[in-house]
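Structure assessment
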Amino acid sequence: MSDAMTELFTAALGLVAPWRVERVRFAPDAHEIHFDVVCEAKRLPCPRCSAPDQPIHDRQARDWQHLHFFQYRALIHAQVPRVRCAECGSKGDSEVRQVLVPWARERSGFSLMFEALVVALAGMSRMPVRRIGALLGVHPERLWRSLGALVEQAYEKADMSKVRSVGIDEKHIGRGRVVTVVHEESGPQRGRVLHVSEQCRSSNVAEFVGALVAHGGDPAAIERCTMDMARSFVAGVGKHLPKAEICFDPFHMIKLANEALDAVRRAEVPVEPALKRTRYHWLKDAGAWTRKEVNLHWLRQSGLKTARAWRMKERLRDIIAWRRYPQVPVVSLMDRWISWARRSRLPAFKRLGQTFKTHITGIRNMLAHANSNGMAESINADIQSAIARARGFRTFRNLRTILYLLKGQLELPSSPFKPSRLRAA
Ligand SMILES: [Zn+2]
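Residues numbered from 1 in each chain as written. Predicted model: local features only at pLDDT ≥ 70, side-chain atom pairs only at ≥ 80, totals over all residues.

The secondary structure content of the protein chain amounts to 17 helices and 11 strands. Against the globule reference of 22 Å for 425 residues, the protein chain gives a C-alpha radius of gyration of 29 Å, more extended than a compact globule. Structurally, the protein chain occupies a C-alpha span of about 90 × 55 × 40 Å along its principal axes. Residue burial in the protein chain is summarised as follows: out of 425 residues, 32% are buried. Counting contacts in the protein chain only where the partners sit at least 6 residues apart, residues at least 24 apart contribute 55% of the total. (Helix = DSSP H or I, 4+ residues; strand = E, 2+ residues; numbered from the N terminus. Rg over C-alpha atoms; globule rule 2.2 N^0.38 Å. Buried ≥ 20, exposed ≤ 12 C-beta atoms within 10 Å, placed from the backbone. Contact = placed C-beta atoms within 7 Å.)

In structure tokens form, the structure reads like this:
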């Protein structure tokens, strides 16, 4: 191999003395190209305390996968020096330490640029990790470990000191499993995922508060918390976020009304067979009705319990939508709706009315802060779509990695490729 060639690759890999490419080995049958890199220093600074000129104890062989060279997998090999530092030794620490290589993170088997490419593919391009693995010739488990470590590192640096308002949601991730996702509800980083934890218990709130404190946040500075009426969250917030005003998530309230409506319909199917297989019709917006559903108008106007339940649900939706109009007395309308539900003689709605009555303060807070929870739906839909992508992921750890990657607004490496001007053909 000519000196010009090794010099070229030394420059292309961005190496400077004492590091340089010593040899390039091409293995076309294996579809690989190998770069042997050497460190020519005799003495090096200590990687722990930075004391200069420490003796090299020994060298250990290591390998990294780098960005492809043309269609070939590119691998970097180096004998990495280990230093025994006299400075650290004098303080009782005689451990031998491997120096950092300029092209990779500590303990990673990939170069920084390779990792940045994986982050760009998984994050910006939203490509499934399994497919990235197939494309780049790496087992997906190795990619997950690398992504997990990068995301973990970036998450550690996340600043939560300005968080004032949060949303806590229970999210179904398939196969009967649930996770708790906490996101920021307002401010410049609105919508970012702050914390993800397994299951749905009041201890999830405590876990979030632990993370908040670790990232410079103050639990007493949290002014508002939007969530569903799950008893565990209510209890957890009461205990761990003492200053937070609880706001109930309006979309969750409508969901509960839809569930009550469907319970009424199912109980009535034996009496009125036309109600069979109409579940989704009753949940739909009038604007989205099909011709066939418009033709069901006689059912909606009938004296059926289902029709009554539907009118109650629609009314609830209206009241919640009207919260944006200050001239509408939504608080008293809501009170009237609750007493209507409680007197309805429809068991599912009586229970719902009772639940709302129990949580009336949180409901009134929601009605009063119409503008602040206006974005809640799109934030939730956004998080939900990230979770939908994550559904196939076998481990909670991977789900959390992808949620932080897509929705954590973290500082992650950006694509290794410079944006280039696109040329039309
Ligand atoms: Zn040292």
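Leu147, Cys225, Val237, Ala260, Ala309, Phe349 and Leu352 are the most contacted members of the largest nonpolar core, which has 91 residues in total. It is helix 12 (residues 305–322) that provides the largest number of residues to this core, a total of seven residues. Taken domain by domain, this core gets at least three of its residues from each of domain 1 (1–103) and domain 2 (250–368). The residues touching Ala309, leaving out its near neighbours within four places in the chain, are Ala260, Leu261, Val264, Leu346 and Phe349. (Core = buried A, V, L, I, M, F, W, Y, C linked by C-beta atoms within 7 Å. Domains from an automatic or database assignment.)

What follows is about the confidence of the model for the protein chain. Across the protein chain, pLDDT averages 91, with 97% of residues at or above 70. Here helix 16 (residues 376–390) stands out as the element of the protein chain with the lowest mean pLDDT, 76, in contrast to helix 13 (residues 330–342), whose mean of 97 is the highest. (pLDDT = per-residue confidence, 0-100.)

Buried within helix 7 (residues 231–240) are the following residues: Phe233, Val234, Gly236, Val237 and His240. When helix 7 is viewed along its axis, its buried side chains cluster within an angular range of 165° and face the same direction. Turned more than 90 degrees away from the buried face of helix 7 sit Arg231 and Lys239, all of them exposed. Against strand 7 (165–172), helix 6 (202–214), strand 10 (224–227) and strand 11 (245–248) lie the buried residues of helix 7. (Arc of directions from axis to C-beta.)

Turning next to the pairing of strand 5 (residues 72–84). Note: strand 2 (residues 32–39) against strand 5, six bridges, orientation parallel. Paired with Glu32 across the two strands is Arg73, which belongs to strand 5. Inspection of the sheet shows strand 4 (residues 54–69) paired to strand 5 by 11 bridges, in the antiparallel sense. Note on strand 5: the bridge partner recorded for His66 is Ala74. Taken together, strand 4 and the strand that follows it, strand 5, pair antiparallel across an intervening segment of two residues, in which Phe70 is found at a positive phi of about 50°. (Pairing = 2+ DSSP bridges.)

Take the sheet that holds strand 10 next. One open sheet accounts for five strands, arranged 9-8-7-10-11; its pairing is mixed. In the strand order of this sheet, the two ends are held by strand 9 (193–198) and strand 11, each with one partner. Here the average twist between neighbouring strands, direction ignored, is 20°. Relative to strand 8 (residues 178–184), strand 7 runs antiparallel, the two sharing seven bridges. Residue pairing in the sheet places His172 in a bridge with Val178 of strand 8. Strand contacts of helix 7: strand 7, strand 10 and strand 11, with the helix running at about 170° to strand 10, the strand carrying the most contacts. (Axes fitted to C-alpha atoms, helices over the stretch in contact; angles between N-to-C directions.)

Across the interface, helix 4 (residues 129–136) lies against helix 5 (residues 140–156) with an axial gap of 8 Å and an inter-helix angle of 115°. By the angle between their directions, the pair helix 4 and helix 5 is classed as roughly perpendicular. The handedness of the crossing between helix 4 and helix 5 comes out as right-handed. For the pair helix 4 and helix 5, the contacting residues are Val129, Arg130, Ile132 and Gly133 in the first and Pro140, Leu143, Trp144 and Leu147 in the second. Taken together, the residues of the contact of helix 4 with helix 5 break down into six nonpolar, one polar and one charged. (Parallel < 35°, antiparallel > 145°, perpendicular 65-115°, else oblique. Left-handed = near helix turned anticlockwise from the far one by under 90°. Nonpolar A, V, L, I, M, F, W, Y, C, P; charged D, E, K, R; others polar.)

Before going further, it helps to spend a moment on unusual backbone geometry. Here the amide bond leading from Ala17 into Pro18 is cis, since omega sits at 5°, within 30 degrees of zero. A positive phi angle, near 50°, is found at Phe70, a position not held by glycine. In this structure, Phe70 sits in the loop between strand 4 and strand 5. Residue classification places Phe70 among the exposed residues on the basis of 7 C-beta atoms within 10 Å.

Look at helix 8 (residues 250–268): 27 Å from first C-alpha to last across 19 residues, which is about the 27 Å you get at 1.5 Å a residue. For helix 8, the set of buried residues is Pro250, Met253, Leu256, Ala257, Ala260, Leu261, Val264 and Arg265. Here the buried face of helix 8 lies against strand 11, helix 9 (279–283), helix 12, helix 14 (347–358) and helix 15 (360–368). (Expected span 1.5 Å × (residues − 1).)

A few words on the packing of helix 5 against helix 17 (residues 396–407). Orientation of helix 5 relative to helix 17, taken along the N-to-C sense of each, is 55°, at an axis distance of 9 Å. In terms of axis orientation, helix 5 runs oblique to helix 17. Helix 5 and helix 17 meet at a crossing whose hand is left-handed. Note on element contacts: helix 17 touches helix 5 through Arg397, Asn398, Thr401, Tyr404 and Leu405, opposite Trp144, Leu147, Gly148, Val151 and Tyr155.

Further remarks concern the domain arrangement of the protein chain. Split into domains, the protein chain comes out as domain 1 (1–103) and domain 2 (250–368). One C-alpha centre belongs to domain 1, the other to domain 2; they are set 67 Å apart.

What follows is about the pairing of strand 1 (residues 19–27). Relative to strand 2, strand 1 is paired through eight bridges, and the arrangement is antiparallel. Counted as the bridge partner of Arg20 is Val38 from strand 2. If you look at the hairpin formed by strand 1 and strand 2, you'll find four residues sitting between the two strands, and His31 has a positive phi there, around 60°.

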